[in-house]
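Residue-level listing of the chains:
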Amino acid sequence: MPDTAKGSTAKKWVGRSLRRTEDKRLLTGKGQFVDDIKLPGMHHAAVLRSPYPHAIIKSVDASGALKMAGVRGVLTGEDVARMSSPFPQAVDEPLEYYCIAVDRARFVGEGVAVVVAEDRYLAEDALQAIHVEYEPLTAVVDVEKAVEEGAPILHPKVGTNVINHRELRYGDPDAAFAQADVIVGEKFFFPKYSSTPMETFAVIAQYEPVEDIITIWSNFQGPFTMHPVSVAALRTVENRLRFIVPPDIGGAFGIKSSMFPQMVMTALAAKKTGVPVKFVEDRMEHLMSSSSGTDRVTDIEVAAKKDGTILGFRKKVLDNVGAYLRSPEPACMYRSTGNQLGAYATQNLAWDAYVVMTNKCPTGPNRGYGCQQLYFEMERIVDLLADRLGIDPAELRRKNLIPTDQFPYTNPTGGIYDAGDYLACLDMALEKADYKKLRQDQEQARREGRLFGIGLATVVDPSVTNIAYITVAYTPEFRASNKFNPKSGSGETAVVKMDPLGQISVIINTVPEGQGHETVVSQIVADELGISPDDVRVISGIDTFTRFWSITTGTYSSRFASVGASAVAMATRRVKEKLLKIAAHKLEAKIDDLELVSGVVQVKGTPERKIPIRRLAGLAHWNQGDLPEGMEPGIHASYTYNFPSSVPPDQEDRVDSSATYSFIADLACVEIDPETGQVEIKKYVTVHDCGNVINPKIVEGQIYGSFVHGLGGAFYEEMAYDENGQYLAASFVDYMCPTAVETPELIVGHVETPSPVTVMGSKGCGESCTMSVPVCLANAVADALKPLGANVTRLPLRPNEIWQLIQDAKASNASAGRGTTR
């Protein structure tokens, strides 16, 4: 690990809320998105999609479409099977997954054929002329029913709907439960929901037969592990498949990690028809067939002592990945391995993990990937434990949070929590909320018969995925065999160069999707070199033919502030080191006696002995013979930053699944209208420890954005199917998203404990509240309904669901001869 203190300068720009440099082009309509790209001879694609959740495809007759004016060609499943291979899988199972359906359709909205025409209108019209003969099969969408004996099997070659199963044990959970004074258990249901970026999946593909090169422009966000996956599917080699991502992406939130099937589909269409092809999803397609997080069913128990000490957890988890195991799945289950015990100091966990296929759209990364589900089950059961023991939920958490003096803390599942002060965050949240006063207000509200609730959540926010975590899906025995190829790492690369007149350009591969990377990079570089951010030009986007990149490149798992920023800082320090060496040579001084201030290298204590960095840059380019002996001309440097802890799992299935770990303490106060079930959020406090904050305003934006995404999962959003597998939420009429109107003003706090493993001391904050908000609001609603004896076990909590909980509780109380408790 590099010395993160060496070469540091006094901070002038880092820590300030500078305006985003990206906004000027975005607000003036000068952004560069995929749909802005026009190629000569470009045609457009439309996709014919299955109306059946499960059906054998007996035949596809495209002859009618091919006769229509303006239609260039049609790509069918038969073509796809002939021209490509199934996508590589993250598990060792005979699962065949192609970019469109080949032999059978397995979910409503799955592609069956692709029309390529002169424009999208002609392509859409031609879809009506394609005749598909289906043989409908029984579908299964309920994850619990999918594992029952006799359930319809989606993939006969696999022979089961359970595509992956691991029984994982950490510590001694049997002893923990044997020693417990109390055991509390419950079953929880987390919904399938997604992100709704303004820009849907967008792809342009072109095939150059002379050089056998496929070029794909897309709004793909990474990880670039999907580049070799696409290479395998397209039966090509890596230096013949070119990925280009333009500088601007209209939101992604994880789900654009899962668009590689559409990229391969468009490439095959271009290859077959001999013209460049553009495919842009409409909103219905995006909601029906893009991607989402998994819906999850969890049976969980917590063991504890009478004083509230948590001894351990055990749980059985069913993750519903939909019709196929699309890479990087089953990461939904294992991404959170390193933080599987959350913020609590307990050492014992029994985790029975099932990854199950059903006739739903396949899943993939979604903001908060795997952690929304984890914390819903964990933080709900902690609240139920507090209720059982008669302990205040805040005090129960305080008793069990990892003590500050134990950081860096290695937990039983292998996660190395780099830095934190969890108690300080909790205390700040309680103080900002005026917690004691809220509890007094609640007592008064209950005396008046009002449904007033307070919810808490304390969660660890992992960032910078170590790709090794996915191999926990394999047993230690298989990982030790010759059949297995280990995976690990979380590296990111940045390039910094200085032109002959001293201007700085920084090339990043972090494919930003609205997070302000260009602004933050300019702040970091300006501080390191003692210049203004206005002197720094940041070049984003990526081209795999011209950039330094690795398979871990991209924007996902909140990685920029930790690894992207570190790569930028270290590359800049290499440039600075070269500048100082040249200056030492010209000023006849020692490097240690020099300092870089306001664009000038000067001798400490003798500021009149100085030389502008512009002149040093000119010398390195224009007068190369006057450089120190052995020095290369020019001024440029690259740096690929990685973390020593990003290694494969050990024989005990322990893995540091993320490189840095932030922390969040949330408190929600709500009141429920008993006549309608409508929830009013009266107060929401969220306190974050994401290390050193580089740009406070950008972090605030991430917190608000992640809050709204979490709010959607708590109260609004669900990709719903009926019991027969028909999709019920293919428009914003049925797939409800929160807006600014439904979003309360947040009370935000920060506790900064710098990370010792990143250059800037920063940690991730991009996903943050997405993980904590659903369960915090669920806990608040449950607390409000407690006098009625109602329990909250599933999301989303829409008004009709809450109203039904109220009615069921009243009916239960009436049949038992009980009134409500106050």
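The rules we used
- Residues numbered from 1 in each chain as written.
- Predicted model: local features only at pLDDT ≥ 70, side-chain atom pairs only at ≥ 80, totals over all residues.
- Heavy atoms only, no water.
- Helix = DSSP H or I, 4+ residues; strand = E, 2+ residues; numbered from the N terminus.
- Rg over C-alpha atoms; globule rule 2.2 N^0.38 Å.
- Buried < 20%, exposed > 50% of the residue type's maximum accessible area, 1.4 Å probe, protein only.
- Contact = heavy atoms within 4.5 Å.
- Areas by Shrake-Rupley, 256 points an atom, 1.4 Å probe, with all protein chains shown as cover.
- Lys, Arg positive; Asp, Glu negative; His and termini not counted.
- Charge placed at Lys NZ, Arg CZ, Asp CG, Glu CD.
- Pairing = 2+ DSSP bridges.
- Axes fitted to C-alpha atoms, helices over the stretch in contact; angles between N-to-C directions.
- Phe/Tyr/Trp six-rings, centres within 6.5 Å; stacked < 30°, edge-to-face > 60°.
- Lys NZ or Arg CZ within 6 Å of the ring centre and 35° of its normal.

**A short note on the overall build of the protein**
Across its full length, the protein carries 21 helices and 29 strands. In summary, the protein has a C-alpha radius of gyration of 28 Å against a globular reference of 28 Å for 822 residues, a match within 12%. With the principal axes as the frame, the protein shows a C-alpha extent of 95 × 75 × 55 Å. Taken across its 822 residues, the protein has 62% of its residues classed as buried. Look at the contacts in the protein between residues 6 or more apart in sequence, and 81% of them connect residues 24 or more apart. Here the protein has roughly 30500 Å² of accessible surface; of this, 50% comes from carbon and sulfur atoms. Across the protein, the mean location of the 84 positive side-chain charges is 3 Å away from that of the 102 negative side-chain charges.

**Digging into the pairing of strand E23 (residues 594–597)**
With burial as the criterion, only one face of E23 is covered, namely that bearing Leu 594 and Leu 596; the residues Glu 595 and Val 597 on the opposite face remain uncovered. Between E23 and strand E24 (residues 600–603), which pair antiparallel one after the other, the connecting turn spans 2 residues, and Ser 598 there sits at a positive phi close to 50°.

**Quick look at the environment of Ala 468**
For Ala 468, the position within the fold is in the loop between strand E18 (451–465) and helix H15 (476–479). Judged by relative accessible area, Ala 468 falls into the buried class, the value being 0%. Spatially, the C-alpha atoms of Ala 468 and Ser 657 are 6.9 Å apart, while their sequence positions differ by 189 residues.

**Some words on the sheet that holds strand E11 (residues 241–245)**
Here we have 8 strands laid out as an open sheet, ordered E3-E5-E1-E12-E9-E10-E11-E22, and mixed in their pairing. Every interior strand has two partners, whereas the edge strands, strand E3 (71–76) and strand E22 (542–543), have only one. As judged from the 4 bridges shared by strand E9 (residues 202–208) and strand E12 (residues 277–280), these two strands associate in the antiparallel manner. Note that in E12 the partner of Ala 205 across the bridge is Val 277. Sitting on the sheet, helix H4 (residues 120–127) touches strand E1 (43–49), E3, strand E5 (111–117) and E12, and the angle it makes with E1 is about 25°. Each of E1, E3, E5, E9, strand E10 (213–218), E11 and E12 is contacted by helix H8 (residues 260–273), which is oriented at about 40° to E9, the strand it contacts most.

**Some details on the packing of aromatic side chains**
For the structure shown, the criterion picks out 24 aromatic pairs. Pairing Tyr 334 with Trp 351 gives two aromatic rings, centres 6.0 Å apart and planes at 50°, and the pair type is tilted. Residue Tyr 334 is found in helix H10 (residues 331–334), and its partner Trp 351 is found in strand E15 (residues 349–356); the two are separated by 17 residues along the sequence. The class for Tyr 334 is buried, based on a relative accessible area of 0%. Residue Trp 351 is classed as buried on the basis of its relative accessible area of 2%. Aromatic side chains Tyr 641 and Phe 643 sit 5.4 Å apart centroid to centroid with 80° between the ring planes, which places their arrangement in the edge-to-face category. Accessibility expressed as a relative area gives 1% for Tyr 641, which makes it buried. Ring pairs connect the aromatic residues Phe 87, Tyr 97, Phe 260 and Tyr 324, which therefore count as one cluster. A cation over an aromatic ring shows up here: Lys 271 above the ring of Tyr 207, its NZ or CZ 5.1 Å from the ring centre. In this arrangement the basic side chain of Arg 794 is found over the ring face of Phe 189, its NZ or CZ atom lying 3.9 Å from the centre.

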